[in-house]
Amino acid sequence: MTDKDVMFAVRSGDIDQTGILFERHNIRLFNFFYRLTSDRQTSEDLVQEVFLRLIRFRETYKGNGSFTTWLYTIAHNIYIDNWRKPYIQKEYDCSQEECAVANTVDEMVECNEKSELLERALMKLTNEEREILILSTYQKMKYREIAKIMDCSTGRIKQRAFRAIKKLKAIYLQLTNEAQR
Amino acid sequence: MKCSEIEAFLIDYFSGELDSMHKTELERHLQECELCRKEAEELKMVWESVVSLPDIQPGADVNRRFYEQLNILKTAEAEAHAEQRAGRILFNQRTIHTCIRTAAVLLIFFAGAVSGYLYNKANIRVSAEITDMQMEIKKLNRLVSLSLLQNSSPSSRLMGVEWIYKLDYIDSTIINALITTLEDDPNVNVRFSALDALSLITFPDIFRIRIIRSLDQQDSPIIQNALIDLILFYGDKRAVDTFKKVLKKDNLDLYIQNKLEAGLAMLQ
């Protein structure tokens, strides 16, 4: 069954099927929020909120466009709602699990350091810049999909994405230089 | 392609969305221009680093919490449907009784009306017009409330809540509007006023879950205090998770913290 089929079943009242969508998407959604907030607990809470809203607003699902775009529109709105709330952004803790693919201790240390610097650099972007970059790179979404999610033009998204990657490069290089000193 | 033009194409190039004609042109330019090539390579390196960020696994608790919430929602929806069905059956029984009574009343009324018609024709017409007007006013009150609640001015939204007290009946649209105001309104007075109105209304269980969950969204101790009182009045054990979650907040008011702890002890 495709995501759309499952969502139509949920819309018809079979909310048990939400479990299938949860199993398929919760990890990517968690990572989306985690890359945006750097906070594990907040990200887990926001994932729960996405699926609760999906159930609450299931009747608004029309099946136009991709299901993922619809799902991330909900996620985006939840993230926006959270901007209003002051929460403490914790320092990024680069965990071992991220570098599990590294073969040697040296590689693991290097991987940890790179990821940590990149995460720190990402957190220095504005919320909007960070969200666009995460959606286009990590989530591999098309710009037109991101434009739909963020309710603006594709041109604006591309412009912001380019500005964000340039800024990220500058910050990342600066942090790398500082770390090497 | 000129150096000044490549920026417009690089972002599509990185994401693989650039058409073949422009891709060939861009790659040719990057081969010829060292400055642009260096810039593009550095940007690509950062881009690829973000693309290849590894997946982080959420805690095992996420699954448990999701399925718990799903079960709560299923139960709540089943209860709401049962209430609706019960309401319909009751409505059907009542309808039969009401029809018999109405027929009797109408018969008496008709007899009275016919005899009175000749006597006071003008009075009946005026009375019917007044009834119609009263119905229109009731409909209007409801529309005014809903419309005011969506107004950009906080004082208008406050007035929208006040109008709700004038209504003869409260349906799910009105309850939904009040809960949405409690959840999302940026003004603390409007949220408080909506909460006050909600505390006087009896509604299906499914709305209660939203009210419980809205505690986590509140940052004003006044609202938190009143909301905790209302939730404790319900005595709903499903509030335990929300209470625990709010207790973890860093900037929680000490009084609210004590109240939540006392409330948890009551609910558990």
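This report concerns the structure included in the present document. (Residues numbered from 1 in each chain as written. Chains lettered and ligands numbered in written order. Predicted model: local features only at pLDDT ≥ 70, side-chain atom pairs only at ≥ 80, totals over all residues. Heavy atoms only, no water.)

### Details of the overall build of chain B
Within chain B one finds 12 helices and 0 strands. Reading chain B from its N terminus to its C terminus gives the helix and strand order α-α-α-α-α-α-α-α-α-α-α-α. Going through the 268 residues of chain B one by one, you find that 35% of them count as buried. Of the contacts made within chain B by residues no fewer than 6 positions apart, 61% connect residues no fewer than 24 positions apart. Surface exposure of chain B reaches about 16,300 Å², of which carbon and sulfur atoms provide 59%. (Helix = DSSP H or I, 4+ residues; strand = E, 2+ residues; numbered from the N terminus. Buried < 20%, exposed > 50% of the residue type's maximum accessible area, 1.4 Å probe, protein only. Contact = heavy atoms within 4.5 Å. Areas by Shrake-Rupley, 256 points an atom, 1.4 Å probe, with all protein chains shown as cover.)

### Some details on the nonpolar core
Counting 74 residues, the largest nonpolar core has Leu29(A), Phe33(A), Leu54(A), Tyr72(A), Ile165(A) and Leu168(A) as its most contacted members. At 9 residues, the largest contribution of residues to this core is made by helix α8 (residues 154-180) of chain A. When residues are assigned to domains, this core turns out to be shared by domain 1 (3-83) and domain 2 (96-180) of chain A, each giving three or more. For Leu29(A), the contacting residues outside a window of four places in its chain are Val47(A), Val50(A), Phe51(A), Leu71(A), Tyr72(A) and Ala75(A). If you look at the next biggest cluster of nonpolar residues, it comprises 36 residues, including Ile211(B), Leu260(B), Leu264(B) and Leu267(B). (Core = buried A, V, L, I, M, F, W, Y, C linked by side-chain atoms within 4.5 Å. Domains from an automatic or database assignment.)

### Quick word on the packing of aromatic side chains
Residues and elements named next belong to chain A. Here the structure, examined in full by the defined rule, presents 14 aromatic pairs over all chains. Their ring planes at 75° and their centres at 6.1 Å tell us that Tyr 61 and Phe 67 sit as a pair that is edge-to-face. Classification of Tyr 61 as buried rests on a relative accessible area of 1%. Taken together through their ring pairs, the aromatic side chains of Phe 8, Tyr 61, Phe 67 and Trp 70 make up a single cluster. The ring of Tyr 138 is capped by Arg 28, whose NZ or CZ atom sits 4.4 Å from the centre of that ring. (Phe/Tyr/Trp six-rings, centres within 6.5 Å; stacked < 30°, edge-to-face > 60°. Lys NZ or Arg CZ within 6 Å of the ring centre and 35° of its normal.)

### Structural notes on the interface of chain A and chain B
By a widely used convention, the size of an interface equals the accessible area lost when the partners come together. At the interface, 52 residues of chain A touch 40 residues of chain B. For the pair chain A and chain B, the two sides together bury roughly 4,600 Å², of which 60% comes from carbon and sulfur. When the area that chain A buries against chain B is broken down by residue, the three leading residues are Gln48(A), Phe162(A) and Lys169(A), summing to 14%. Taken together, chain A and chain B are joined by 10 salt bridges. The partner of Asp55(B) in a salt bridge is Arg28(A), and the shortest N-O contact between them spans 2.9 Å. On the surface where chain A and chain B come into contact, there are 18 residue pairs in polar contact (both at pLDDT 80 or more). Within the residue set of the side of chain A that touches chain B, elements represented by two or more residues are α2 (18-37), α3 (40-56), α5 (105-123), α6 (127-138) and α8 of chain A. Tallied by class, the residues present in the side of chain A that touches chain B amount to 24 nonpolar, 8 polar and 20 charged. (Buried area = accessible area lost by both parts, 1.4 Å probe. Salt bridge = Lys/Arg side-chain N within 4 Å of Asp/Glu carboxyl O. Polar contact = N/O pair within 3.5 Å; in protein donor to acceptor, adjacent residues only side chain to side chain. Nonpolar A, V, L, I, M, F, W, Y, C, P; charged D, E, K, R; others polar.)

### Focus on the packing of helix α7 (residues 172-184) of chain B against helix α9 (residues 205-214) of chain B
Residue and element names in this part refer to chain B. Packing of α7 against α9 brings their axes to within 10 Å, and their N-to-C directions diverge by 10°. In terms of axis orientation, α7 runs roughly parallel to α9. Residue-level contacts link Ser 172, Ile 175, Asn 176, Ile 179, Thr 180, Leu 182 and Glu 183 of α7 to Phe 207, Arg 210, Ile 211 and Ser 214 of α9. (Axes fitted to C-alpha atoms, helices over the stretch in contact; angles between N-to-C directions. Parallel < 35°, antiparallel > 145°, perpendicular 65-115°, else oblique.)

### Some words on the side chain of Thr69(A)
With respect to the secondary-structure elements, Thr69(A) resides in helix α4 (residues 67-83). Once residues lying within four places of it in the same chain are set aside, the contact partners of Thr69(A) are Glu145(A), Lys148(A) and Ile149(A).

### Here's the deal with the state of the cysteines
All names here are of chain B. Evaluated as defined, the whole model comprises 0 disulfides over all chains. Cys 33 takes part in no disulfide bond, and the closest cysteine sulfur to it belongs to Cys 36, at a distance of 3.6 Å. Its relative accessible area of 16% is what places Cys 33 among the buried residues. (Disulfide = S-S within 2.5 Å.)

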